Amino acid sequence: MSAQTAPDAVVILISGRGSNMRALIEHSLAADSPYRVSGVLADRPAGGLEVARDFGISTQILAPHTTDRAAYERELAAAVGALSPALVALAGFMRVLSAPFVQAFEGRIMNIHPSLLPRYAGLHTHRRVLAAHDAEHGATVHFVTETLDAGPAILQSRVAVMPGDSEAELAARVLETEHRMYFRAVRWFCEHRLTCAGGRAWFDGRALSAPLQLADVGK
Ligand code: GAR
């Protein structure tokens, strides 16, 4: 970002405590950040909303009030669109988004998921990793498409599963890496180093055949 360029607006969607949201906000406060968080929306009275407000960021709850999922997604898209985001960042947003939302922000939605995608899409990833006796676990930042947790992967972290790990212990170690990785992908996108096109993630002009690894790009 040059000194004259205004940072890109990023809107964050949450459902819970918002620790990834907090990390994104904190990194946005850096003097050289190419993005700022212009709003946080939740589908329920999420704990993270208070955190966002403490940073002076506008918040909104848009709870589904109808069983018509498409209608809800159109409302959500309108509320997010009113904040004119360059990027929509899902951070623990526990609702599957489909065509009405995804098409409104095509190529401009990211998610962070607590597994080494394509392994363990969906819920209870830490529990499933322990049940499978996997040696390795991690998290993935990916672009969002209409297929759950299957959009182009951008960046992955890896953690070893330790003997005797509880679900909570493993989740905490993965979460610690999440806080060090999501902002990197958001920065790259807002610096125009990262795009989503033709069903692929592109980084510095080349299509990624495999996600970047946190160990290679930062501490
Ligand atoms: C994070 O571990 C995130 O990866 C996960 O929810 C947690 C939210 O924590 N997201 C998903 O499972 C999405 N499928 P946070 O509210 O503290 O950021």
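Residues numbered from 1 in each chain as written. Predicted model: local features only at pLDDT ≥ 70, side-chain atom pairs only at ≥ 80, totals over all residues. Heavy atoms only, no water.

1. Thoughts on the pairing of strand β9 (residues 200-203)
Worth spelling out the cut-off: Exposure categories follow from relative accessible area, calculated using a 1.4 Å probe and restricted to protein chains: below 20% of the type maximum is buried, above 50% is exposed, and the middle band is partly exposed. Labels follow the DSSP assignment, with helices taken as runs of H or I lasting at least four residues and strands as runs of E lasting at least two, numbered in each case from the N terminus. Being paired, for any two strands, means DSSP has found at least two bridges between them.
In β9, alternate side chains face the same way, and those of A201 and F203 are buried while those of R200 and W202 on the opposite face are not. As paired strands, strand β8 (residues 194-197) and β9 are joined by 4 bridges and run antiparallel to one another. Counterpart to T195 in the pairing with β9 is W202. Two elements, β9 and strand β10 (residues 206-207), share 2 bridges in a ladder whose sense is antiparallel. Bridging from a neighbouring strand, W202 pairs with A207 of β10. Adjacent in sequence and paired antiparallel, β9 and β10 are bridged by 2 residues, among which D204 carries a positive phi angle near 50°.

2. Focus on helix α6 (residues 167-190)
The cut-off we apply is this: What a helix should span is 1.5 Å times the count of its residues minus one. Fitting axes to the seven residues that end at a residue and to the seven that start at it, the angle between those axes gives the bend at that residue.
Its 24 residues place the ends of α6 34 Å apart at the C-alpha level, agreeing with the 34 Å of an ideal helix rising 1.5 Å per residue. The sharpest bend along α6 comes to roughly 30°, located at H179.

3. Points about the state of the cysteines
Which entries qualify depends on this criterion: Note on terminology: disulfide denotes any pair of cysteine sulfur atoms within 2.5 Å.
Tallied over the full model, the rule gives 0 disulfides. Sulfur of C190: no disulfide; nearest cysteine sulfur belongs to C196 and is 14 Å away. Look at C196 and you get partly exposed, because its relative accessible area is 24%.

4. With respect to the site of the ligand
This is how the line gets drawn: One heavy atom within 4 Å of a molecule or strand makes the whole residue count as near it. Polar contacts here mean pairs of N or O atoms no more than 3.5 Å apart (in protein, one a potential hydrogen donor and the other a potential acceptor; neighbouring residues in sequence count only if both atoms are side-chain atoms). Note on areas: Shrake-Rupley with a 1.4 Å probe; residue coverage comes only from the protein chains shown.
Surrounding the ligand, one finds R17, G18, S19, N20, G92, M94, I112, H113, P114, L175 and E178. A distance of 2.5 Å is found between an oxygen atom of the ligand and a side-chain nitrogen or oxygen belonging to R17. One of the backbone nitrogen or oxygen atoms of N20 is found 2.9 Å away from an oxygen atom of the ligand. For the ligand, whose unbound accessible area comes to 450 Å², protein coverage reaches 87%.

5. Focus: the side chain of E73
Rules: Here, residues are in contact when the closest pair of their heavy atoms is within 4.5 Å.
In this fold, E73 is placed in helix α3 (residues 69-81). Of note is the side chain of E73, whose polar atom sits 2.9 Å from the side chain of S98. Those residues in contact with E73, other than ones at most four positions away along the chain, are V96, L97, S98, A99, P100 and F101.

6. Some points on the sheet that holds strand β3 (residues 59-61)
Definition in use: Geometry is summarised by axes, namely lines fitted to C-alpha atoms with helices restricted to the contacting stretch, and by angles between N-to-C directions that run from 0 to 180 degrees.
Read from one edge of the open sheet, 8 strands run β3-β2-β1-β4-β5-β6-β7-β11, paired in mixed fashion. The strands lining the two open edges of the sheet, one partner per strand, are β3 and β11 (212-213). Summarising the sheet, strand β2 (residues 35-42) and β3 pair through 3 bridges and their orientation is parallel. For A42, the partnering residue across the bridge sits in β3 and is I61. Together, β1 (8-14), β2, β4 (87-90) and β5 (109-113) form the strand contacts of helix α1 (residues 19-28), whose direction differs from that of β2 by roughly 155°.

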